[in-house]
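Topology and contacts: notes
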Amino acid sequence: MPVRRVRYPFGAADAAGPRRPPAVAVGRLGGVIDLKLLRQDPDVVRASQVARGDDPALVDQVLDADARRRAALTDFESLRAEQKALGKKVASAQGEEKQALLAHAKQLAEQVKALQADADAADELATELARRIGNVVEDGVPAGGEDDYVVLRHEGTPRDFAAEYGAEFAVRDHLELGEGLRAIDTERGAKVSGARFYYLTGIGARLELALLNAAVDLALQAGFTPVITPTLVKPEVMAGTGFLGAHADEIYRLEADDLYLVGTSEVALAGYHSGEILDLSGGPLRYAGWSACYRREAGSYGKDTRGIIRVHQFHKVEAFSYTTVEDAADEHRRILGWEEQMLQLVGLPYRVIDTAAGDLGSSAARKFDCEAWLPSQQRYLELTSTSNCTTFQARRLGVRERTAEGEVRPVATLNGTLATTRWIVAILENHQQADGSVRVPEGLRPYLGGLEVLEPAGGASR
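Not measured: the values here are computed from a predicted model.

About the criteria used
- Residues numbered from 1 in each chain as written.
- Predicted model: local features only at pLDDT ≥ 70, side-chain atom pairs only at ≥ 80, totals over all residues.
- Heavy atoms only, no water.
- Helix = DSSP H or I, 4+ residues; strand = E, 2+ residues; numbered from the N terminus.
- Buried < 20%, exposed > 50% of the residue type's maximum accessible area, 1.4 Å probe, protein only.
- Contact = heavy atoms within 4.5 Å.
- Polar contact = N/O pair within 3.5 Å; in protein donor to acceptor, adjacent residues only side chain to side chain.
- Pairing = 2+ DSSP bridges.
- Phe/Tyr/Trp six-rings, centres within 6.5 Å; stacked < 30°, edge-to-face > 60°.
- Lys NZ or Arg CZ within 6 Å of the ring centre and 35° of its normal.
- Expected span 1.5 Å × (residues − 1).
- Axes fitted to C-alpha atoms, helices over the stretch in contact; angles between N-to-C directions.
- UniProt positions renumbered as here; feature names shortened; annotations may be inferred.

**Quick word on the overall build of the protein**
Counting secondary structure elements, the protein contains 13 helices and 19 strands. Principal-axis analysis of the C-alpha atoms places the extent of the protein at approximately 110 × 50 × 45 Å. Buried positions account for 49% of the 462 residues belonging to the protein. For the protein, restricting intrachain contacts to residue pairs at least 6 apart in sequence, the fraction spanning at least 24 positions comes to 72%.

Set out below in structure tokens:
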């Protein structure tokens, strides 16, 4: 992928290369929410809040604080103009007249300072309130919570193990299979690190690497630039992506260093171009981030405690795009298509769902999940999600583009999972055989030296 020009508006290049912009300023109202939409069509924002199950009164509170801020600024500018005019009079005045003008100037200065303080306080309040408003959901997103998704389609057919191996066959779950293959070791993971940690050993480690490398290859073919991202980020970057809202307790924080561990490379990739003006004239800027990911799983006590379905640490290849607002919906469908190519590459039956508004997370305007069939639990398990964050993250992080007409405006950001450790769960279970061996999906065989079958310990994989 050719290097695309990025303009750095905060200073010229020096001998060490382009000068990086200063830390992202995230405290202004216009850098948090689309003020034009909020002021001209607040009912759209209220309806979005209702669909999410959030408080629509926040919209009116922001509008009220914004009106007070604007009024204070108007009065401030008026007094500033009077102050400047008075300064000219003082310069030419003499004697008692000058003393009177100076006294009036002092009074004006105090009033100007007070109005500035009022405007700043109103802006701070409006900004803080606006941070609690989620991204405005797209038209057609289902209203409701976690269970109110809409199934868009099913792809592939779950295996009928009873028909293949007889009614007496007991489907093994991924942990039983993984332990038999000496691929997964949760007992030692818990011994060393605690609950929800694990080791991938031998073929388990190789399987994860095969999966992630296959995802990188697909990303390269689709025009993505591979990136190994930082897994520790500054507070302003974590906040800018929308992860320090209602679910902040899911995030690990290193208090001594004031840094956060990421739960996805989306965070680092969203911050990659913070404070920059991008050239999108040649199409989207696409990155495929490979990173370790960390999640506290604070709200999942008792859920998926067996195996590696829900863990504190895992690896993932994440697709991330910067594009124009007009192209965002199409790019969203493209990312979904690449996710589906990966699922088909590893031979998994799955369904695609349109996530309900209340389960989107604050930054997403729409989210599609792909869920693979999990034979041991007779249910679908989320393996991928792709979100269209429109301008939500870009506003907070100061990522903009210059249009052909010369307008500088926020870009749209999108993200999607191309592969992650959890996929091993579905691969082992869907491709298991009666003797506890596992057939390697054809798409992964080139990444495993041509292996076709993974044999339980004591047998030779072939």
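**Observations regarding the environment of Met238**
Within the secondary structure, Met238 sits in helix H9 (residues 235-240). Taking relative accessible area as the criterion, Met238 reaches 1% and is therefore assigned buried. Residues Met238 and Tyr272 lie 34 residues apart in sequence; the distance between their C-alpha atoms is 12 Å. Met238 has contacts with Val233, Phe243, Leu244, Ile251, Tyr260, Leu261, Val262 and Val267, leaving out every residue within four places of it along the chain.

**Some points on helix H7 (residues 186-193)**
You can read the cap of H7 off the contacts: a side-chain oxygen lies 3.3 Å from the backbone nitrogen of Glu187, and it is on Asp185. One or two residues past the end of H7 sits Gly194, with phi positive at roughly 110°.

**Examining the pairing of strand E10 (residues 285-294)**
Most of E10 is tucked away, with 9 of its 10 residues classed as buried. Note: strand E5 (residues 225-228) against E10, 4 bridges, orientation parallel. Its bridge partner lying in E10, Val227 is registered against Gly289.

**Describing the packing of aromatic side chains**
Taken as a whole and judged by the stated rule, the model has 8 aromatic pairs. Between Phe161 and Phe169, the aromatic rings sit 5.8 Å apart at their centres with planes inclined by 25°, giving stacked as the arrangement. The exposure class assigned to Phe161 is buried, which follows from its relative accessible area of 7%. Grouping aromatic residues by their ring pairs yields a cluster made of Tyr272, Tyr287, Phe320 and Tyr322. Over the ring of Phe224 we find Arg286; its NZ or CZ atom is 5.9 Å from the centre of that ring.

**Description of helix H8 (residues 203-221)**
Between its first and last C-alpha, H8 extends 27 Å over 19 residues, near the 27 Å set by a 1.5 Å rise per residue. Looking only at H8, the buried set comprises Ile203, Gly204, Leu207, Glu208, Ala210, Leu211, Leu212, Ala214, Ala215, Val216, Leu218 and Ala219. Directly after H8, the chain includes Gly223, whose backbone phi takes a positive value near 90°.

**Some remarks on the sheet that holds strand E14 (residues 379-388)**
Judged by pairing direction, the sheet is mixed, and its 8 strands sit side by side in the order E2-E12-E13-E14-E17-E11-E10-E5 without closing on themselves. With one partner strand each, in any of the chains shown, strand E2 (150-155) and E5 form the two edges of the open sheet. For this sheet the average axis-to-axis angle between neighbouring strands, irrespective of direction, equals 25°. Of the strand pairs in this sheet, strand E11 (residues 313-323) and strand E17 (residues 412-420) are connected by 8 bridges, and their pairing is antiparallel. Following the sheet pairing, Phe320 is matched in E17 by Asn415. H8 rests against E5, E10, E11 and E17 of the sheet, and its axis sits at about 145° to E17.

**So, the UniProt feature "binding site: L-serine" (unreviewed entry) in the protein**
The sites that carry the UniProt feature "binding site: L-serine" (unreviewed entry) are, in the present numbering, Thr264, Ser265, Glu266, Arg295, Glu318, Asn415 and Thr417. Along the chain, Glu266 turns up in helix H10 (residues 266-272). The class of Glu266 is buried, set by a relative accessible area of 6%. What Glu266 contacts, discounting residues up to four positions off in sequence, is Phe243, Glu318, Phe320, Gln393 and Asn415. Tracing the backbone shows Glu318 in strand E11. Overall, Glu318 belongs to the buried group, its relative accessible area being 2%. In contact with Glu318, other than residues within four places in its own chain, are Thr264, Ser265, Glu266, Leu269, Tyr287, Ala288, Gly289, Asn415, Gly416 and Thr417.

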